[in-house]
Amino acid sequence: MNTPRKTLVVGNWKMHGSRPANAELLAGLLAARPYTADVAVCVPFVYLSETAATLASSDIRWGSQDVSAHAQGAYTGEVSAGMLAELGCRYAIVGHSERRAYHAESDEIVAAKAQAALAKGVTPVVCVGETLAEREAGQTEAVVKRQLSAVIHTLAHCAAEMVVAYEPVWAIGTGRTASPEQAQSVHAVLRAQLQAATGHGAAMRILYGGSVKPDNAASLFAQPDIDGGLIGGAALKAADFVAICRA
Ligand code: 13P
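Residues numbered from 1 in each chain as written. Predicted model: local features only at pLDDT ≥ 70, side-chain atom pairs only at ≥ 80, totals over all residues. Heavy atoms only, no water.

Undergrad: Break down the pattern of salt bridges for me, with residues and values.
TA: For the coordinates displayed, the defined rule picks out 15 salt bridges. In this structure, Glu105 engages Arg99 in a salt bridge whose closest nitrogen and oxygen atoms are separated by 2.7 Å. The exposure class assigned to Glu105 is buried, which follows from its relative accessible area of 7%. By relative accessible area, which is 22% here, Arg99 ends up partly exposed. (Salt bridge = Lys/Arg side-chain N within 4 Å of Asp/Glu carboxyl O. Buried < 20%, exposed > 50% of the residue type's maximum accessible area, 1.4 Å probe, protein only.)

Listed below in structure tokens is the structure:
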């Protein structure tokens with residue numbers, strides 16, 4: 001399948017960073033330009049403004065790790081998509097497994113967040129992925145299809161504008177990466193689902209996330225349906241993240 005999909009590598013800093021550490025990390029990413037891949041960092045909300053200022057004149061994009069499902073109102077502690085757009089965010093991660101697990105985000109909430117982001121022109125990076133117990137019970141396909149289908153249903157004709165990230169929960173932060181073949185087979189399922197629902201599946205980017213490192217990124221990204229990565233731990237070290245962006 002020949003498609004115009006450009007590799008996208010997104011760093012998810014999670015709840016890591018400090019002003020000096022961020023400055024050093026971003027300087028390292030800027031110094032290593034140009035990249036052939038699209039590159040972005042999803043940073044804690046409080047650092048978005050400084051990140052935007054630092055990256056503004058580069059082609060490295062930035063985004064958030066979450067977004068409110070609501071446009072505005074009495075939602076203490078929440079951050080709206082409009083606010084993210086105001087800070088120039090290109091992406092908002094939604095439905096990360098850590099938010100699904102620790103903040104009880106349902107498929108419906110994740111879908112509403114993706115919709116809220118898109119409504120303000122912020123591209124949602126929608127995370128799906130099975131737990132180890134679900135994989136061992138043979139439920140991987142059913143779980144990721146259910147998670148993705150909620151978002152497809154809510155986004156309707158705009159669904160083709162999201163980025164999807166397959167992140168098997170058992171591979172996140174564990175050093176236990178899905179093999180390229182394991183990841184590819186799930187990506188193929190997701191792409192078929194996107195194609196059936198939107199007619200644009202071949203043009204949509206599906207990232208892999210879960211213990212991506214400089215030494216395994218190239219074999220993962222070489223798979224036909226893996227269009228880049230969502231990187232956690234290795235996104236915190238400039239040399240590692242740069243190596244992955246070049247993989
Ligand atoms: P690690 O790369 O640290 O496994 O994290 C993956 C992830 O959760 C990215 O969103």
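Undergrad: An account of the sheet that holds strand E2 (residues 38-42) is needed here, citing residue identities and associated values.
TA: Overall, parallel pairing links the eight strands, which are arranged E1-E2-E3-E4-E5-E6-E7-E8 in a closed barrel. Here the strands of the sheet are splayed against their neighbours by 25° on average, with no regard to which way each runs. In this fold helix H5 (residues 107-119) packs onto strand E4 (91-94) and strand E5 (123-128), with an angle of close to 160° to the strand it touches most, E5. (Pairing = 2+ DSSP bridges. Helix = DSSP H or I, 4+ residues; strand = E, 2+ residues; numbered from the N terminus. Axes fitted to C-alpha atoms, helices over the stretch in contact; angles between N-to-C directions. Contact = heavy atoms within 4.5 Å.)

Undergrad: Kindly report on the site of the ligand, identifying the contributing residues and their values.
TA: Around the ligand, the surrounding shell consists of Asn12, Lys14, His96, Glu167, Ala171, Ile172, Gly173, Gly210, Ser211, Leu230, Gly232 and Gly233. Separating an oxygen atom of the ligand from a side-chain N or O atom of Asn12 is a distance of 3.0 Å. One of the side-chain N or O atoms of His96 is found 2.8 Å from an oxygen atom in the ligand. Contact with the protein chains removes 97% of the 310 Å² of surface that the ligand exposes when unbound. (Near = heavy atom within 4 Å. Polar contact = N/O pair within 3.5 Å; in protein donor to acceptor, adjacent residues only side chain to side chain. Areas by Shrake-Rupley, 256 points an atom, 1.4 Å probe, with all protein chains shown as cover.)

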